[in-house]
Amino acid sequence: MNALELEKKIKSLVDKDNHDNFIYDFLELYGTAKSTLTLLKKGNSKLSKKENQLIIKKKLFFEKAPKEDNLLSIINTLDAEPQTHTYNPRFIIVTDFNKFLAKDTKTKDTLDIVFADLWRHTDFFLPWSGKEKYQAHAENPADVKAAEKMARIYDEIYHNNKQFANEYNHDLNVFLTRLLFCFFAEDTGIFEEENLFTKSLTEHTKEDGSDLQEFFDVLFNSLDKKQEEKSSFPAYIQKFPYVNGHLFRDEIHIPELTAKVRHLMIECGDRNNWKEINPDIFGSMFQAVKTAEIRAGLGQHYTSVPNIMKVINPLFMDDLREEFEKSVDSLDKLKKLQLRLSKIRIFDPACGSGNFLIISFKQMKLLEMKIIKRINVLQKQDNLQMNLSQIELKQFYGIEIDDFACEIAKLSLWLAEHQMNCKFKDEFGVTRPTLPLRESGHIVCGNACRLNWEEVCPKYIYKNGFEEEMWRNALQNTPLRLDLPKEEAEVYILGNPPYLGSRLQAEDQKTDLKHLFKDYKSLDYISAWFIKGSKYILQTNNKLAFVSTNSINQGEQVALLWKYILIDNIEIFFAYKSFKWINNAKNNAGVTCSIISLSGKNVKNKFIFFENNKIKASKINAYLLDANDIYINRRSKPLTKYFPEMTFGSLLNDKGNLILSENEKNNLIMKYPSLIKNIRNLIGSKEFIRGEIRYCLYIKDEEYNELRKISEIDKRMNNIIIHRNSSSEKSTREMANRPNQFYFSSYKEKPSIIIPRVSSENRHYIPMGYVDQNTIISDSAQTISNAPFWILGIITSRMHMVWVRAVAGRLKTDYRYSAALCYNTFPFPNISDQQKKRIELCVNDILAIREKYSEKTMAELYDPDKMPKDLLDAHHSLDLVIEQCYKKAPFKSDEERLEYLFKMYELMVNKAPENDFKQLELL
């Protein structure tokens, strides 16, 4: 039985008037044998003597409750009783057929729903059918489990407080972060008494939840009071320590809390091992709490630690570790390095819930521990006499537009500090106490595109302790004092800003870009962070590195964006070329990304990372190549002069009235045989790649009046006239009196090459081909009319594919091939007639092999996992012939091919002398 059928059957089951046999019918739907159920109904094998109970070994403990009873109390009592688990039931179920409560004793998942909604939760009981429920895993299952439970608490609070959530959204966010802190604190030693929070909640609140608001109001108030100020509080509240750190400073409105919320909170404290929660992904996991669509693939937006390390290691940690290695025998150098660590500022202007800041904090702390350990050895001091950590949370800065994420980022930094304090104590036997909390990171809630980054994270350290005052003044729009003594801070900007291509941006995001950049319309949203970041680091020694969509290093965005950035002493000092940003999470994002770092000029060591390689570069350009700053601009004519013109295919603009299906074509020819000369094959990208067939009418002007006497033709012409006349475009309306004509026609009644305008990035080669003179290529493809075979060989070669991957635009991740960027800019040398013939022979081989597999579509033939070996070999032979047109020595990699092409492009654009091209051939 499939999922849909199961839902329908359970829905009909719960809709019945009589539920006497409900549990038996329910079990049967999940595969329990009828014979077993018959024995149970007769009472022959019942394990419970109570009429309202049914027990089945390893399967079920079911109890039917009287209406209006407290089902939550019943199921909690049953779960707590040892006899309930005597027969190891997988599920405990309690229902009065108005409400339905269940617990999975293996996974500890619970269900608390209206009985009528049971059909919506069919997957909860899949283990009865032998199908274990999927358990999502990120780096740590405990994180996901905690997030799921917090999500359920949030859902229940929001369900009963929708008006409150709208009116006091910030208060609700603060309430959730305080709740998270209490869960973490009672299980990790921040609260000295284990399970202090959950125990207090259980013992000092009513089961119906009616006094929960008062409980939290008193608790939160006490957590901001020093011990000597707590005498007026109840004795059990006085056990809670003074927290400080402004986490509990402000009084907030507490939402209405129910018995179900109380139960979920107690379960969250009891059933979750908060010691195992990682604050470095704590934030991202809990950001999913408030976003249902993210929850569906919990963890899919989590930035994993290995990916974050790709940013922070080359940005600053590699340099710090190298300095440590050089300083291991010098006490003075080690102390200077520790002092340097204490002054570094880490700034994430799209910090989300703080992942990059937390990992940076942890890595710096771990290095500092090595430094202190080495200092201790050199000084021969006892651990207890040494200096404590000098790295503080106030060195970490962030901007985040979402209020809840801001609160989570602050909380996560505190928790990360506690974990590192514990490590410090394990290593050295002493550390600063976690409580009272000190000031957290400087996390600002706002729009990073509009805020002044220098005010959020000052580029200078103000001496005599004024930097904190300066930061607060900046946020309050108080004029900055310019007379204070200062020194340049060591700032590293990093993060994973939002990507959003131009077509996906909301109006306010387009306005953000417009505010920063006049040519904003074709740019991805992440461009704003590179523009603002480059201005921030200008004329300083500061650096930045962002994870980015790779599209800003491809296509027309390159010339638009990077000409504006790579000026005024700004350069790229390391880059990760395109890679999949994949996480260990269900439905992971799998976005194709790059990492780009900017710095002031004259950085000595520059590197390009791709696949598993790290290559030293003398200069990194906007295409992430070791080459000069070259920008491939759109061209209206081919750079290689003897290339024939490539144009768009024909655009009909006919609302489908010139297009014919197979049946329509056959019917017309059957009635009017002479029309066969007016029907052509119509092929675009989709038809060519998928092997689909369409036809269209092709009516010349001199035939128009005669053919309109045919009623079917006349009707189609009238429809086109109406369609074009209704257009808002003047050019379309002008075509209304010529309905037989295409809006734009590139058809020459000659054989043509077809080049799909959009093709999957996964293919080794974009499928291209020849069509005969009776085939019209539509505007979803490009065309070269009456082109020689050797041209097809050049543009279907690996050399051309390497060029396309670098310069083409993208539709999502697919190649968007254009004549102006891909074909007209492609550098190709002059070749002899003999070389042309060799290319043509290779093309003929490829076309013959395709014909051999005529039953397969181009999509199937060029699927990288299924491409026939003889076809792949034929392409490799063509590739060798094409590459020998450039130089005799073989290329070693696509990187080398692309660097060669860029150098050749630069020479051709600048019309370099022939000797320069000869020098290029020797490379």
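Being a predicted model, the structure only gives us computed values, none of them experimental. (Residues numbered from 1 in each chain as written. Predicted model: local features only at pLDDT ≥ 70, side-chain atom pairs only at ≥ 80, totals over all residues. Heavy atoms only, no water.)

> Report on the overall build of the protein chain, specifying residues and quantitative values.
Scanning the protein chain for helices and strands turns up 35 helices and 27 strands. Restricting to contacts in the protein chain with at least 6 residues of sequence separation, those with at least 24 account for 70%. By element, 48% of the accessible surface of the protein chain is carried by carbon and sulfur atoms, the whole surface being about 42700 Å². (Helix = DSSP H or I, 4+ residues; strand = E, 2+ residues; numbered from the N terminus. Contact = heavy atoms within 4.5 Å. Areas by Shrake-Rupley, 256 points an atom, 1.4 Å probe, with all protein chains shown as cover.)

> An account of helix α15 (residues 331-343) is requested, with residue identities and associated values reported.
Over its 13 residues, α15 extends 19 Å from the first C-alpha to the last, a length consistent with the 18 Å expected when each residue adds 1.5 Å. Where α15 is buried, its residues meet α14 (305-327), β6 (344-348), α16 (355-379) and β11 (490-495). (Expected span 1.5 Å × (residues − 1).)

> Residue-level account of the pattern of salt bridges, with values.
This structure, assessed with the given rule, holds 41 salt bridges. With its nearest N and O atoms 2.5 Å apart, the salt bridge here joins Glu 712 to Lys 671. Placement of the pair is Glu 712 in helix α26 (residues 711-725) and Lys 671 in helix α23 (residues 662-671), with a sequence separation of 41 residues. Taking the relative accessible area as the measure of exposure, Glu 712 reaches 24% and is therefore partly exposed. Members of the salt-bridge network, linked through shared partners, are Lys 99, Asp 112, Glu 156 and Lys 260. (Salt bridge = Lys/Arg side-chain N within 4 Å of Asp/Glu carboxyl O. Buried < 20%, exposed > 50% of the residue type's maximum accessible area, 1.4 Å probe, protein only.)

> Quick one: what's the story with the nonpolar core, residue by residue and with numbers?
Ranked by internal contacts, the top residues of the largest apolar core, which has 221 residues, are Phe 181, Phe 191, Phe 197, Phe 216 and Trp 562. Apart from the residues lying within four places of it in its own chain, the contact partners of Trp 562 are Phe 530, Ile 552, Asn 553, Gln 557, Ile 572, Ile 596, Leu 598, Ala 622 and Tyr 631. By size, the runner-up hydrophobic cluster in this structure holds 29 residues, among which are Leu 54, Phe 100, Leu 111 and Leu 118. (Core = buried A, V, L, I, M, F, W, Y, C linked by side-chain atoms within 4.5 Å.)

> Kindly report on the sheet that holds strand β3 (residues 91-95), identifying the contributing residues and their values.
Ordered in space as β1-β2-β3-β4-β5, the five strands form an open sheet in which the pairing is mixed. The open sheet has two edge strands with one neighbour each: β1 (53-56) and β5 (110-114). With strand direction ignored, the average angle separating the axes of adjacent strands in the sheet is 10 degrees. Where β3 and strand β4 (residues 99-104) come together, five bridges link them in antiparallel fashion. (Pairing = 2+ DSSP bridges. Axes fitted to C-alpha atoms, helices over the stretch in contact; angles between N-to-C directions.)

> With reference to specific residues and values, describe the sheet that holds strand β23 (residues 769-771).
Across the sheet, four strands lie side by side as β17-β25-β21-β23; this open sheet has antiparallel pairing. A single partner strand is all that each edge strand has here, and the edge strands are β17 (647-648) and β23. Where strand β21 (residues 752-756) lies against β23, three bridges are found, and the strand directions are antiparallel. Bridging across to β23, Ser 752 finds its partner in Val 771.

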